[in-house]
Amino acid sequence: GRPPSRLARRLLEACTRQVSTSSTRPIAPPAMARPVRASRSLLLLLLLFSANSSLSLPATHGADPALRAALGAASYEHRCVPVLPAGRPRPEKLPREAINDDYCDCADGSDEPGTSACSNGRFYCRNTGAAPKFITSSKVNDKFCDCCDGSDEPPSLCPDTCASAAAAALAAAES
């Protein structure tokens, strides 16, 4: 199959850390029951995210048209200031696979144009037949159709209403 996503790898690392830290406690049946249950729930989350990562988006989904061609190149490396827990921010290069992987690596949200992982990112609505526009990434996958072409939501959730939106805009402009 497909290698696990960055998010799945980070969840696995967190699970491994919890199991290794819980193993320093004295071995007694009541003390072991709780860490085992916690690690099982973390493993369940890991499996859930791994299953969802197989439905990954192309790197170009929701990206600004000015970046779309560059994102399509296999050798593309994204530059951004990473999200750091502490310390001085430094520019970082991200591989193409980190774009739209549903994990916010960049402080400006630029690595997640097609997901809602970064609340401050920008999603580009093509809106073919109507006016294109940008929306905040926090509006992606929120079950509300913000783009008239429905590209901000899962397929088949939103009908394409761009033609009627363009007709309404034209009628309003003529009157």
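Each remark here, short or long, concerns the structure printed above.
What counts and how
Residues numbered from 1 in each chain as written. Predicted model: local features only at pLDDT ≥ 70, side-chain atom pairs only at ≥ 80, totals over all residues. Heavy atoms only, no water. Helix = DSSP H or I, 4+ residues; strand = E, 2+ residues; numbered from the N terminus. Salt bridge = Lys/Arg side-chain N within 4 Å of Asp/Glu carboxyl O. Buried < 20%, exposed > 50% of the residue type's maximum accessible area, 1.4 Å probe, protein only. Disulfide = S-S within 2.5 Å.

(A) A look at unusual backbone geometry. For Asn100, which is not a glycine, the phi torsion comes out positive at approximately 60 degrees. With respect to the helices and strands, the residue Asn100 is situated in the loop between strand S2 (92–95) and strand S3 (122–125). Positive phi is not limited to glycine here, since Asn127 has a value of about 50 degrees.

(B) Summary view of the pattern of salt bridges. Throughout the structure, instances matching the rule amount to 2 salt bridges. The partner of Arg122 in a salt bridge is Asp64, with the nearest N and O atoms 3.9 Å apart. In this pair, Arg122 is assigned in strand S3 and Asp64 in the loop between helix H2 (29–53) and helix H3 (65–72), connecting sequence segments 58 residues apart. Look at Arg122 and you get partly exposed, because its relative accessible area is 47%. The class for Asp64 is partly exposed, based on a relative accessible area of 27%. For Glu77, the salt bridge is made with Lys93, and the minimal N-O distance between the two is 3.9 Å. With a gap of 16 residues between them, Glu77 in strand S1 (residues 77–80) and Lys93 in strand S2 connect regions that are remote in the sequence.

(C) Broad picture of the state of the cysteines. This model, assessed by the stated rule, comprises 5 disulfides. The side chain of Cys104 participates in a disulfide bridge whose partner is Cys118; the two sulfur atoms lie 2.1 Å from each other. Judged by the sign of its S-S torsion, about 120 degrees, the cystine formed by Cys104 and Cys118 is right-handed. Of this pair, Cys104 sits in the loop between S2 and S3 while Cys118 sits in the loop between S2 and S3; the two residues are 14 residues apart in sequence, bridging distant segments of the chain. Look at Cys118 and you get buried, because its relative accessible area is 1%. Sequence-ordered numbering of the disulfide-bonded cysteines in the protein gives the connectivity 1-3, 2-4, 5-7, 6-9, 8-10.

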